[in-house]
Amino acid sequence: MPSLKDVQDKIVGVKKTAQITSAMNMVASAKLRGAQDKMEKFRPYADKFNEAMSNLSGGGNTDAFPLMEVRDVKNVEIVVITSDRGLCGSFNANIVKLANAKMREYEAEGKNVNFVCVGKKANQSLKKTGKVRTRFLDIMADFQMFNAREIAQDVATNFLNGSSDKVEVLYGHFQSVAVQRPVAQDMLPITPIEEEDGAAEKQEIGDYIYEPSTEEIMDVMQPLYLNVIIYNAMLQVGASEHAARMTAMDNATNACKDIVSDLTLVYNKARQAAVTGELMDIVGGAEALKG
Amino acid sequence: MAQQIHLEVVTPSGAVVNEEVDIVNAPGYGGDFGVLANHAPFLSTIKIGLLTYEQGKDRHNLMISGGFSEVSNNKITFLVESAEFGKEINVDRAMKAKERAEKRLAQAAAQGDNFNQARAEAALQRALARIKAAKIA
């Protein structure tokens, strides 16, 4: 039987933990709003970019572009994007799990796998595989387009010099505040974006004046397109991280409340037992005096 | 009033300009170009430089970094990685960035480091464009 003091101390401790977790919940929800706002602002750019890419790549022949070159896949590079900080439930663990699954899958096919880690948590979990080629840490808290560009350039350089034949990006897709799902997206070689509306639109595009030629425009746009892919993935991870932390902290706060109510019960029982014991003593003493 | 064209400048962190203007001048791949209302459909890559547009007597200028622009249906859209109004640019900072970039450029050139040379070159161009945009404003 724990003493009254022990139980009381524990209740105070758990209550303090609940205070911290509920504060973290509120901070995460404020940051989530910021991250969602950032995502919202990026959407017009991404939409227009994809539209222009699909218009351009519709007619061109893909062999002319080094970033579109389809090679025999021997070396696969996986860009794993997670958050820098933990305390967000299984969010990062799920992404890492997918990364490991992908690695086993490719290795079973006899392919070589390398990782590019974005975010501390990816690096922490994957460095023991010994396959981390390069890492970008401490950027997820406040990243800009130029961070994405740095990563994209690094990955593209590696692809162009033949060190990797295929590049995939793994990140946590922000489906909703409640659901974040780890997903894999092909990045290199760039595959032509499918036309949605078909021939009618192509005809209209044919009347454009291009400066310079469509091929040269593609040469400029393709690296930018990689930036868009990486930046988008980072935005998704940013929002997902905060959403996952909100959920995790909400659960933690609830668990704290449950523990406090259990402990209060224990405390009251112990207190009552002590009171009863004291009463028995007094009654016993009084009886003895009477006798 | 003369006919106007709709100008939109979109960056990854949101739309910067979204209004009707009289004329747009931009740094295209093959040199600067101007666009008036009812321009033919046109697509060009954009270099780091100065984008100016006029609304009546008002003249605005922005520093833009690389991307591309599209003209269609009396609308011109710039998709660029960054865009800043001249009046919002901190000239001192841009000057310092210019000096830094020049140093790095010289260093990279001396070492024959193509990758860093290209990066420093781009940084220098951005700094120069910023200074130019800030001076006019």
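Definitions and limits used
- Counting of residues starts from 1 at the beginning of each chain's written sequence and follows it residue by residue.
- Starting at A for chains and at 1 for ligands, labels are handed out in the order in which the entities are written.
- Per-residue local features are limited, in this predicted model, to residues with pLDDT of at least 70; the limit for side-chain atom pairs, both in listing and counting, is 80 or more; totals at the level of whole chains, interfaces and linings are taken over all residues.
- A run of DSSP states H or I qualifies as a helix once it reaches four residues; a run of E qualifies as a strand once it reaches two. Both are numbered from the N-terminal end.
- With C-alpha atoms as the basis for the radius of gyration, the globule rule is written as 2.2 Å multiplied by the number of residues raised to the power 0.38.
- DSSP bridges decide pairing: two strands pair if at least two such bridges lie between them.
- In this description, a line fitted to the C-alpha atoms serves as the axis of each element, helices being fitted only across the stretch in contact, and the angle between N-to-C directions of two axes falls anywhere from 0 to 180 degrees.
- Once C-beta atoms are placed from the backbone, any two residues with those atoms within 7 Å are in contact.
- Think of a nonpolar core as buried Ala, Val, Leu, Ile, Met, Phe, Trp, Tyr and Cys residues, each tied to the set through C-beta atoms within 7 Å.
- With C-beta atoms placed from the backbone, a residue is buried if 20 or more other C-beta atoms are within 10 Å of its own, exposed if 12 or fewer are, and partly exposed between those counts.
- When residues are grouped by polarity, Ala, Val, Leu, Ile, Met, Phe, Trp, Tyr, Cys and Pro land in nonpolar, Asp, Glu, Lys and Arg in charged, and all others, Gly among them, in polar.
- Each domain's extent is set by a domain assignment, obtained either automatically or from a database.
- Per residue, pLDDT measures the predictor's confidence, with a range of 0 to 100.
- By this rule the span expected of a helix is its residue count minus one, scaled by 1.5 Å.

Caption draft 1: The arrangement of the overall build of chain A in detail. Scanning chain A from terminus to terminus reveals six helices and six strands. Ordered by position from the N terminus, the helices and strands of chain A form the series α-β-α-β-α-β-α-β-β-α-β-α. Expected size for 291 residues packed as a compact globule is a radius of gyration near 19 Å; at 29 Å, chain A overshoots this value by more than 25%. Overall, the C-alpha framework of chain A stretches about 115 × 40 × 30 Å when taken along its three principal axes.

Caption draft 2: Quick look at the sheet that holds strand β4 (residues 166-174) of chain A. Residues and elements named next belong to chain A. Spatial ordering of the open sheet is given by β3-β2-β1-β4-β5, a layout of five strands whose pairing is mixed. Each edge of the open sheet carries a strand with a single partner, namely β3 (132-136) and β5 (180-188). The sheet shows a mean angle of 20 degrees between the axes of neighbouring strands, taken without regard to direction. Both β4 and β5 contribute to a ladder of eight bridges, which runs antiparallel. Within β5, the residue paired with His 173 across the bridge is Arg 181. Along the sheet face, helix α4 (residues 145-160) touches β1 (75-81), β2 (112-118), β3, β4 and β5 and points at about 170 degrees away from the line of β1. Helix α6 (residues 214-290) contacts β1, β4 and β5 of the sheet and is inclined by roughly 35 degrees relative to β4.

Caption draft 3: A look at the nonpolar core. Grouped together as the largest cluster of nonpolar side chains are 95 residues, with contacts concentrated most on Val79(A), Val80(A), Ile81(A) and Ile230(A). It is α6(A) that contributes the most residues to this core, 20 residues altogether.

Caption draft 4: Region of the structure containing the interface of chain A and chain B. On the side of chain B, 22 residues touch chain A, which itself brings 19 residues to the contact. Among the elements that make up the side of chain A that touches chain B, the one with the highest residue count is helix α1 (residues 4-57) of chain A (seven residues). Here the residues of the side of chain A that touches chain B sort into 15 nonpolar, no polar and four charged. Sheet topology places strand β6 (residues 209-211) of chain A next to strand β5 (residues 42-46) of chain B; three bridges connect them, and they run parallel. In the sheet register, Glu211(A) faces β5(B), and the bridge partner there is Ser44(B).

Caption draft 5: Focus on the domain arrangement of chain A. Residues and elements named next belong to chain A. Under the domain assignment, chain A is made up of domain 1 (4-25 + 248-282) and domain 2 (34-247). Taking only C-alpha atoms, the centre of domain 1 and the centre of domain 2 are 48 Å apart. Counting residues at the interface gives six residues for domain 1 and seven residues for domain 2. Looking at the side of domain 1 that touches domain 2, the elements with two or more residues in it are α1 and α6. Among the elements that take part in the side of domain 1 that touches domain 2, α6 stands out by supplying four residues, more than any other. Class assignment of the residues belonging to the side of domain 1 that touches domain 2 gives a composition of three nonpolar, two polar and one charged.

Caption draft 6: Spotlight on the domain arrangement of chain B. All names here are of chain B. Entries for chain B in the domain assignment read domain 1 (5-86) and domain 2 (90-136). Between the C-alpha centres of domain 1 and domain 2 the distance comes to 23 Å. Taken together, the contact between domain 1 and domain 2 spans eight residues of the former and nine residues of the latter. Elements supplying a minimum of two residues to the side of domain 1 that touches domain 2: β6 (49-55) and β7 (58-64). Per-element tally for the side of domain 1 that touches domain 2: the top contributor is β7, with three residues.

Caption draft 7: Examining the environment of Lys75(B) more closely. Residue and element names in this part refer to chain B. Note on placement: Lys 75 falls in strand β9 (residues 75-80). Using a count of 13 C-beta atoms within 10 Å as the deciding quantity, one classes Lys 75 as partly exposed. Separated by 58 residues in sequence, Lys 75 and Val 17 place their C-alpha atoms 12 Å apart. Setting aside residues no more than four positions away along its own chain, Lys 75 makes contact with Ile 5, His 6 and Glu 8.

Caption draft 8: Quick peek at the confidence of the model for chain A. For chain A, per-residue confidence averages 87 on the pLDDT scale, and 92% of positions sit at 70 or higher. Per-residue pLDDT stays below 50 along residues 198-203 of chain A; that stretch engages in one contact with residues further than four places along the chain or on separate chains.

Caption draft 9: Molecular detail of helix α1 (residues 91-111) of chain B. The end-to-end C-alpha distance of α1(B) is 30 Å, a good match for the 30 Å that 21 residues give at a rise of 1.5 Å each. Looking one or two residues beyond α1(B), the residue adopting positive phi is Gly112(B), at roughly 65 degrees.

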